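An overview of the molecular structure
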Amino acid sequence: AFDLAGVSDSSSTPTGVELNTLRALAVTGSINYGSINPGENTLSVNQVTTTTNTGNSAIDINLSGSNMANGASTITVGNQKYSTSTFTFASCTSCTALSAASSSYELDLAKPTVTSTPVEDSVFWGLAVPDGSASGTYSGTDYFEAIAD
């Protein structure tokens, strides 16, 4: 194994010793939709997050989120969609609407075997702003959880 300084060492597990499973991930990228007028969506401009398997077993992910809020105004969580490929919001057939309830998503991130080649995949995001939404900056939280593949 390599540490952050690039130093490595190896060992073997003696008979009768069990290695615990670690399901872990790192998510990079920002979901910032910029300015979208009420009644419009992100069209084909997707935000991108990259999920990297940082554990010692193959993983998929659970995704969930919260409503986006601007004071008393909200954009419900289901107005965000995601996919493993780029998409146009209105016509996306491979998209899933984000939910407040955790939902499993097949990323099929294999067990990492070397540190020089990260095991990662991208998730692409879009948003529709409902008619009548108040103008302003909305914020919410999206949650990523490592689960068994």
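Here the structure is shown first, and the text comes after it.
Residues numbered from 1 in each chain as written. Predicted model: local features only at pLDDT ≥ 70, side-chain atom pairs only at ≥ 80, totals over all residues. Heavy atoms only, no water.

Structural notes on the nonpolar core
Stated formally: Within this scheme, the nonpolar core is defined by two criteria: the residues are buried Ala, Val, Leu, Ile, Met, Phe, Trp, Tyr or Cys, and they are joined through side-chain atoms within 4.5 Å. Accessibility here uses a 1.4 Å probe with only protein chains present; expressed as a share of the type maximum, an area under 20% marks a residue as buried, one over 50% as exposed, and anything in between as partly exposed. Under the scheme used here, helices are H or I runs from DSSP no shorter than 4 residues and strands are E runs no shorter than 2 residues, and both carry numbers assigned from the N terminus. Only heavy atoms enter the contact rule, under which two residues are in contact if any of them lie within 4.5 Å.
Counting 20 residues, the largest nonpolar core has Leu63, Tyr82, Trp125 and Leu127 as its most contacted members. Mapped onto this core, the elements with two or more residues apiece are strand 3 (59-65), strand 8 (103-109) and strand 9 (120-127). The contact partners of Leu63, leaving out residues within four places of it in the chain, are Tyr82, Leu98, Ala101, Ser102, Ser103, Tyr105, Trp125, Tyr143 and Phe144. Of all hydrophobic cores here, the second largest spans six residues; its members include Phe89, Cys92, Cys95 and Ala128.

A look at the sheet that holds strand 10 (residues 142-148)
Applied cut-off: Two strands form a pair only when DSSP identifies at least two bridges running between them. Convention adopted: a line fitted to C-alpha atoms gives each axis, helices being fitted over their contacting stretch, and angles between N-to-C directions are expressed from 0 to 180 degrees.
Taken in spatial order, the three strands of this open sheet run 8-3-10, and their pairing is antiparallel. Unpaired on one side and paired on the other, strand 8 and strand 10 mark the two borders of the sheet. Strand-to-strand twist in this sheet, taken as the mean axis angle between neighbours without regard to direction, amounts to 30°. In the sheet, strand 3 pairs with strand 10 via seven bridges, with the strands oriented antiparallel. For Asp60, the partnering residue across the bridge sits in strand 10 and is Ile147.

Considering the pairing of strand 3
Within strand 3, seven of the seven residues are buried, leaving the element largely enclosed by the surrounding structure. Because side chains alternate across strand 3, one face comprises the buried residues Ile59, Ile61, Leu63 and Gly65, and the other comprises Asp60, Asn62 and Ser64, equally buried. Judged from the four bridges that link them, strand 3 and strand 8 form a sheet pairing that is antiparallel. Its bridge partner being in strand 8, Ile59 is matched across the sheet by Leu109.

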